[in-house]
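Close look at the chain arrangement
Single-letter residue listing:
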Amino acid sequence: MTARRVPRAGFILAGNHPEGDPARGLGETLRLFAFGEDLGFDVAGVRQRHLERGISSALPFLAAATQRTARIRLETDVVPLGYETPFRLAEDYATVDALSGGRVNVGISTSSPHGDLLASLGRSDDAADSYALIERFLEALEGHVLADQPLSTPYGPQVPRIEPHVEGLRHRVWLGGGSERSIRWAAAKGLRLLLGNLSDAGGHDRFEPAQRDHLDLYHSEFEGPGEAVVGVERVIVPTTTATAEQRAHYLAYAEARDARTAQPAELAGRRVVFQRDLVGTAEQIAERLLDDPSFDGRTELRVALPYGFREDEYRQILFDIRHAVLPELGWEPAATDAAASVSVTAHEAA
């Protein structure tokens, strides 16, 4: 029997769409969430991308996904706090979590992408420290009473605190990181950790040992009361059931991105390393993942699906990962056998 190297597995989408037709991309992504649930994946996540043809507002999308799914966890990967008002964001997360029946993973980051272009349209307190914003956000999720006196409302006197209040939601906050500061901060605050395919290099020239150092740092410095959990992204594109056209597309995609992984790079004053995409047969991909030091039996996997692919390609990729890659890593699907056979039919019909 295969040792359990991956306890839970999910996937992440950007929800890309054609110019002038956002409904098409949003609809396709909702269908892929339902497809992933049928396949037995544990988590489905969306990126929040600004100024791009993708999902620019993750929480309204996840609210729609709560009505299309019943079991799979719903995740933001990630909401950049640099543009958010902490208490309003806490209200939105709690609302979506209530709609989902407690299935939301709260993925956030300290970043402000495209800050030079969006500065004039953002908050007036743009000098606020990003970690201070997270502190305020965590406090809002915790639901502290904001005044000694009850608040007069149309429903009668009410304790003034952020509503809806979901007990324990603060312990489902995941910080997207890659720098030593973000990893130490997440550990000190008892947050869960999301790591992408870019990492500070430290003393390494390759991605895998650099990320393993970050995992070890997080676990060694973690302070509760939450649970120490890490999810790592991997771009995985299996070709096992791909058509010849799809296979050529996948290989060209990976080749165009491979040069950046050859050596460390400078990014905004940081020395960083990139992880290579995993493209090939299911057997080749499983072998690479079994050799990946990040997967030690407790680290969760997030499959980062490539940007700009077609829905039928995403379905083929998810199908191969579920049926041919993950079983080699000891992962067990959350779906029933009945749901899995529905997935096979859906894949073949796509």
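Presented here is an overview of the structure given in this document.

Opposite charge on two side chains lets them pair, provided their charged atoms get close. For the structure shown, the criterion picks out 29 salt bridges. Between Arg-24 and Glu-28 there is a salt bridge, with the nearest N and O atoms lying 3.5 Å from each other. Separated by four residues within a single helix, Arg-24 and Glu-28 lie in helix 1 (residues 22-39), roughly one turn from each other. The exposure class assigned to Arg-24 is partly exposed, which follows from its relative accessible area of 47%. The salt bridge involving Arg-257 is made with Asp-277; its shortest N-O contact spans 2.7 Å. Taken together, the positions of Arg-257 in helix 8 (residues 244-258) and Asp-277 in the loop between strand 12 (270-274) and strand 13 (278-280) put the pair 20 residues apart, joining distant regions of the chain. With relative accessibility at 10%, the residue Asp-277 sits in the buried group. One connected set of salt bridges, linked through shared partners, spans Arg-8, Glu-75, Glu-300 and Arg-302.

Residue Val-78 is bonded to the preceding Asp-77 through a cis peptide linkage, with omega at -5°. Within the secondary structure, Val-78 is located in the loop between strand 3 (73-76) and strand 4 (79-80). The omega torsion of the bond from Glu-163 to Pro-164 falls at -5°, within 30 degrees of zero and hence cis. By the secondary structure assignment, Pro-164 is in the loop between helix 5 (130-142) and strand 6 (173-177).

A few words on the nonpolar core. Side chains of a nonpolar character, in soluble globular proteins, are inclined to be buried together. Among the nonpolar cores identified, the biggest contains 81 residues, and Phe-11, Phe-33, Tyr-93, Ile-108 and Phe-137 are the most heavily contacted of them. Contacts of Phe-137, omitting those with residues within four sequence positions, involve Leu-81, Pro-86, Leu-89, Ala-90, Tyr-93, Val-106 and Ile-108.

By volume, the largest pocket amounts to about 1300 Å³. Forming the boundary of the largest pocket are 41 residues, of which Arg-47, Arg-49, Val-78, Ser-111 and Leu-198 lie nearest the centre. In terms of residue class, the lining of the largest pocket is made up of 17 nonpolar, 14 polar and ten charged.

Attention shifts here to the sheet that holds strand 11 (residues 265-267). A sheet is described by the order of its strands in space; here three strands give the open sequence 8-12-11, paired in antiparallel fashion. Of all strands in the sheet, those with a lone pairing partner are strand 8 (198-200) and strand 11, marking the two edges. When strand polarity is set aside, the average angle formed by the axes of neighbouring strands in this sheet is 50°. Sheet topology places strand 8 next to strand 12; three bridges connect them, and they run antiparallel. The residue bridging Asp-200 from the neighbouring strand is Val-272, located in strand 12. The strands that helix 7 (residues 207-221) touches are strand 8 and strand 12; relative to strand 8, the one it contacts most, it runs at about 65°.

Glancing now at the packing of aromatic side chains. On inspection of all chains with the given rule, the structure shows ten aromatic pairs. Between the aromatic rings of Phe-33 and Phe-61, the centroid separation amounts to 5.4 Å while the plane-to-plane angle is 80°, which identifies the pairing as edge-to-face. Pair noted here: Phe-33 is in helix 1 and Phe-61 is in helix 2 (residues 58-66), with a separation of 28 residues, a long-range link. Classification of Phe-33 as buried rests on a relative accessible area of 0%.

Basis of the calculations
- Residues numbered from 1 in each chain as written.
- Predicted model: local features only at pLDDT ≥ 70, side-chain atom pairs only at ≥ 80, totals over all residues.
- Heavy atoms only, no water.
- Salt bridge = Lys/Arg side-chain N within 4 Å of Asp/Glu carboxyl O.
- Helix = DSSP H or I, 4+ residues; strand = E, 2+ residues; numbered from the N terminus.
- Buried < 20%, exposed > 50% of the residue type's maximum accessible area, 1.4 Å probe, protein only.
- Core = buried A, V, L, I, M, F, W, Y, C linked by side-chain atoms within 4.5 Å.
- Contact = heavy atoms within 4.5 Å.
- 1 Å grid on protein atoms, 1.4 Å probe; cavity = no way out; pocket = protein on both sides within 12 Å on 5 of 7 lines; lining within 4 Å.
- Points joined across faces, edges and corners; volume = space filled by probe spheres on them.
- Nonpolar A, V, L, I, M, F, W, Y, C, P; charged D, E, K, R; others polar.
- Pairing = 2+ DSSP bridges.
- Axes fitted to C-alpha atoms, helices over the stretch in contact; angles between N-to-C directions.
- Phe/Tyr/Trp six-rings, centres within 6.5 Å; stacked < 30°, edge-to-face > 60°.

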